[in-house]
Amino acid sequence: MNTAGHSEAMARRGLELTPFRGLRYDPDRVGSLAAVTSPPYDVVVRPDGVVHLQSADPYNIVRLILPQAITSTARNEQAADTLRRWLAEGVLTADPDPGLYVYEQRATDGMLQRGVIGTLRLSDPSEGVVLPHEDVMPHVVADRAALMRATSANLEPLLLTYRGNGSPADTTAVVERTAEQEPLLATTTEDGYRHRLWAITDPADVAAIQNDLAGHQALIADGHHRWATSLRLRAEHPSPSPWDYGLVLLVDTARYPLRVRAIHRLLHGLPVADALAPLEGLFRIRRLDVPLAEALDTLADAACAGNAFLLAGDGAFHLIDRPDQDLLARTVPTDHPAAWRTLDATVLHATLLDHVWHVPEDDPTRIAYIHDTAATVRKAERDGGTAVLMHPVREEVVRDLARQGVTMPRKSTSFGPKPASGLVLRALEL
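Please read all numbers here as calculations on a predicted model, not as lab measurements.

Trainee: Run through the nonpolar core, naming residues and quoting values.
Mentor: Judged by nonpolar contacts, the single largest core of 83 residues is most densely connected at Tyr25, Ile117, Phe309, Leu352 and Trp357. At 7 residues, helix α13 (residues 344-357) tops the list of elements feeding residues into this core. Val102, Val116, Trp198 and Val248 belong to the second-largest nonpolar core, a separate cluster that totals 27 residues.

Trainee: Explain the layout of surface pockets to me, and be specific about the residues and the numbers.
Mentor: Approximately 1,300 Å³ is the volume attributed to the largest pocket. Around the largest pocket, the lining comprises 44 residues; the ones closest to its centre are Pro39, Val43, Asp191, His371 and Asp372. Where the lining of the largest pocket is concerned, the elements lending two or more residues are α2 (48-56), β13 (259-261), α10 (292-303), α14 (373-383) and β20 (414-416). By residue class, the composition of the lining of the largest pocket is 20 nonpolar, 14 polar and 10 charged.

Trainee: Hey, could you go over the sheet that holds strand β19 (residues 386-389) for me, with residue numbers and the actual values?
Mentor: Strand order across the open sheet formed by 6 strands is β15-β17-β16-β19-β14-β18, with antiparallel pairing between neighbours. At either end of the open sheet lies a strand with only one pairing partner, and these are β15 (284-288) and β18 (367-370). The sheet shows a mean angle of 25° between the axes of neighbouring strands, taken without regard to direction. Where strand β16 (residues 308-312) meets β19, 3 bridges bridge the pair, whose relative direction is antiparallel.

Trainee: Mind laying out the pairing of β19, listing which residues take part and the relevant values?
Mentor: Residues of β19 alternate between two faces, with Thr386 and Val388 on one and Ala387 and Leu389 on the opposite face, all of them buried. Pairing between strand β14 (residues 264-267) and β19: 3 bridges, direction antiparallel. If you follow arginine 265 over to β19, its bridge partner there is valine 388.

Reading guide: rules and limits
- Residues numbered from 1 in each chain as written.
- Predicted model: local features only at pLDDT ≥ 70, side-chain atom pairs only at ≥ 80, totals over all residues.
- Heavy atoms only, no water.
- Core = buried A, V, L, I, M, F, W, Y, C linked by side-chain atoms within 4.5 Å.
- Buried < 20%, exposed > 50% of the residue type's maximum accessible area, 1.4 Å probe, protein only.
- Helix = DSSP H or I, 4+ residues; strand = E, 2+ residues; numbered from the N terminus.
- 1 Å grid on protein atoms, 1.4 Å probe; cavity = no way out; pocket = protein on both sides within 12 Å on 5 of 7 lines; lining within 4 Å.
- Points joined across faces, edges and corners; volume = space filled by probe spheres on them.
- Nonpolar A, V, L, I, M, F, W, Y, C, P; charged D, E, K, R; others polar.
- Pairing = 2+ DSSP bridges.
- Axes fitted to C-alpha atoms, helices over the stretch in contact; angles between N-to-C directions.

See the structure below:
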């Protein structure tokens, strides 16, 4: 990245967060606020996860973010019709005044995360204001774009992070003061997280946050496909328009560090034995007849020394590590920094998927990307496929590569906790 150009972009624009009239569920019209929420669309495991959420409440947000129909056109029309009906019936209502929103998540283990939800001016990566760190899959962007066109709505916020200086800056001061007040809503979801939401409508508080964030850049922690979708749709609408902005949650990780987890792979139609056979002589292979937690500890130890993965699906765990260096030299592209070339995700995609197993990374009939470790193993054992379990990347590695303008292989990281979908939405025409 050009340092001088980047500095000019930051001085010229920075993060531009604006208030909006949030769409929220009327608590008197739904069973409970927890029952209408959902994890982000790409965390929900189809189809059982969708059915579970739909059964929780007839107004669960999953009916908008993951509509169920035979064709993509029918799915998007269904979501648009559902949204219009819920608005007409008053199930979803717009807050009377535009505002920013303070959003808090508290876990059962005491973890606390707070951030600000607003509409953020979209920017290209070349501007150095919002930094992506992962590649995207074109078919997913096309799918999300069609849904957003049909609904004219931001149905769930992206998760973006920025680094404050650790002191109570203007944004932090407003957030902490607001969190002492009575919230607009409070609910506890089935994963044990407690969620609270407040509106910030005072012009002085809004201005303080805007002025503070104008000096920061952000990293996309979760929502690369939705960000790419928003950029595509912005290009389709003459500016200025509501499509120039996207719905985001901004979290200062200097104050509220996020957890970084791995996203695992499920290889359909590839039994573990067939996955292991071509690795003989190319990786060290060790069978682990231990529980999942112990196997993950072993993976973590191995990952400290180099590339390492766990394969599962046959009732045991198989640690593969110490890849042949000649193999890596032949298969890993050399036109990237060393930090990128040595990523587990890079070796997985360039060496294992492309060269050894010949599994296309964007073919949903061959590969699935799953956040939950135990669920990945269960599905592999049930379907006769192979689960490839990953060790998470450190946040500083992600941020350093993003600042260099280098994107990691798709689905390399899972930052969390992710904002629950269904607590606040944005209709573009409001």
